[in-house]
Amino acid sequence: MQLDVVDIKGVKVGQVDVADAVFGQEVKEHLLWEIVKAQRAARRAGTHSTKTRANVRGGGKKPYRQKGTGGARQGSTRSPQFVGGGVVFGPHPRSYEYTVPKKVKRAALASALSLRAQEKKIVIMDGLSFDAPKTKEMAAVLKAIGASSAVVVTGKEAVNTVKSMRNLKSSKYLPPEGLNVYDILNHETLLISKDVLSAVEGRVVAAEAEDASQAA
């Protein structure tokens, strides 16, 4: 399939052939859901913590004698049934991150890219570079393509472009290797610099070719 190429003023300057295996796939919503869930789980801090009776201060002395009181026997006032006692089965620091198969990740990324292609929300830009870091110029580029919220994908060597993105709260810069499902879906437009288009396609196509060769 082909996608339009525009300049920094939003004017069409040509077209570029892109891989159907990356931008022309069937959109599988269940894969998008699975990857977004995994990414959000990995971002959880997991710093919640409660104190068990071993962590609560005090309670070392037996509160009253074992027998003859008419009440239940107790060994500590820091047992869970007492106010100020420890917590049973409370949350403790943990990681919520879990592993998703690589094939699922690649298929989900292809689905996300294909979804934006179907919506005509992918912009391939030729010559996305600046002489100096200018947030105002980057904002003008996004306005020219009609994007109020965008993920901008370009190489790390485009330092001025990367720095120009820092103060744009509704948009985000990502290198090709950092492109992910959550950020694609979380922004309305995907802007890709033409010189890194092959690297974006390589995230799906090259990996599939490697898997095929290993299987053979």
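Residues numbered from 1 in each chain as written. Predicted model: local features only at pLDDT ≥ 70, side-chain atom pairs only at ≥ 80, totals over all residues. Heavy atoms only, no water.

Below, the discussion takes up the layout of surface pockets. What the largest pocket holds in volume is close to 430 Å³. Along the walls of the largest pocket sit 17 residues, with Ile35, Gln39, Lys105, Asn180 and Arg203 positioned nearest its centre. For the lining of the largest pocket, the secondary structure elements donating two or more residues are helix 2 (29–43) and helix 3 (102–118). Counting only elements with at least two residues in the lining of the second largest pocket, the list comes to strand 1 (2–6), helix 3 and strand 3 (122–125). With four residues, strand 1 is the single largest residue contributor to the lining of the second largest pocket. For the lining of the second largest pocket, a count of residues per class yields nine nonpolar, three polar and four charged. (1 Å grid on protein atoms, 1.4 Å probe; cavity = no way out; pocket = protein on both sides within 12 Å on 5 of 7 lines; lining within 4 Å. Points joined across faces, edges and corners; volume = space filled by probe spheres on them. Helix = DSSP H or I, 4+ residues; strand = E, 2+ residues; numbered from the N terminus. Nonpolar A, V, L, I, M, F, W, Y, C, P; charged D, E, K, R; others polar.)

Looking now at the nonpolar core. Core analysis: the largest hydrophobic core is formed by 34 residues, its most contacted members being Phe23, Leu113, Leu179 and Ile192. The biggest single contributor to this core is helix 3, with seven residues. Discounting residues that sit within four places of it in the chain, Phe23 has contacts with Met1, Leu3, Val18, Leu113, Ser114, Ala117, Ile122, Ile192, Leu197, Val200 and Glu201. Listed in part, the 17 residues of the second largest apolar core include Val123, Met138, Ala150 and Tyr173. (Core = buried A, V, L, I, M, F, W, Y, C linked by side-chain atoms within 4.5 Å. Buried < 20%, exposed > 50% of the residue type's maximum accessible area, 1.4 Å probe, protein only. Contact = heavy atoms within 4.5 Å.)

Strand order across the open sheet formed by six strands is 2-1-3-6-4-5, with mixed pairing between neighbours. A single partner strand is all that each edge strand has here, and the edge strands are strand 2 (12–17) and strand 5 (172–174). Strand after strand, the sheet turns through a mean of 30 degrees between neighbouring axes, direction not considered. Along the sheet face, helix 4 (residues 135–144) touches strand 3, strand 4 (150–153) and strand 6 (189–193) and points at about 115 degrees away from the line of strand 4. (Pairing = 2+ DSSP bridges. Axes fitted to C-alpha atoms, helices over the stretch in contact; angles between N-to-C directions.)

Tracing the sequence through the fold places Glu177 in the loop between strand 5 and helix 6 (181–186). C-alpha separation for the pair Glu177 and Gly202, spaced 25 residues apart in sequence, amounts to 9.3 Å. Filtering out sequence-adjacent residues up to four positions away, Glu177 remains in contact with Lys156 and Arg203. At 3.3 Å, the side chain of Glu177 and the side chain of Lys156 are in polar contact. (Polar contact = N/O pair within 3.5 Å; in protein donor to acceptor, adjacent residues only side chain to side chain.)

Right, let's get into unusual backbone geometry. In this model, Phe89 sits at a positive phi of 55 degrees, which is unusual for a non-glycine residue. Structurally, Phe89 is set in the loop between helix 2 and helix 3. When its relative accessible area of 83% is taken as the criterion, Phe89 is described as exposed. One non-glycine residue, Lys120, adopts positive backbone phi at about 60 degrees.

What follows covers the pattern of salt bridges. A complete count under the given rule lists four salt bridges for this structure. Arg116 serves as the salt-bridge partner of Glu119, at 2.6 Å between the closest nitrogen and oxygen. Looking at Glu119, the relative accessible area reads 39%, which means it is partly exposed. A relative accessible area of 7% places Arg116 in the buried class. The salt bridge involving Lys172 is made with Asp183; its shortest N-O contact spans 3.1 Å. With Lys172 in strand 5 and Asp183 in helix 6, the pair connects residues that are eleven residues apart, well separated along the chain. Relative accessible area serves as the criterion here: at 30%, Lys172 is assigned to the partly exposed category. (Salt bridge = Lys/Arg side-chain N within 4 Å of Asp/Glu carboxyl O.)

Function cannot be inferred from these measures alone, as they are strictly geometric.
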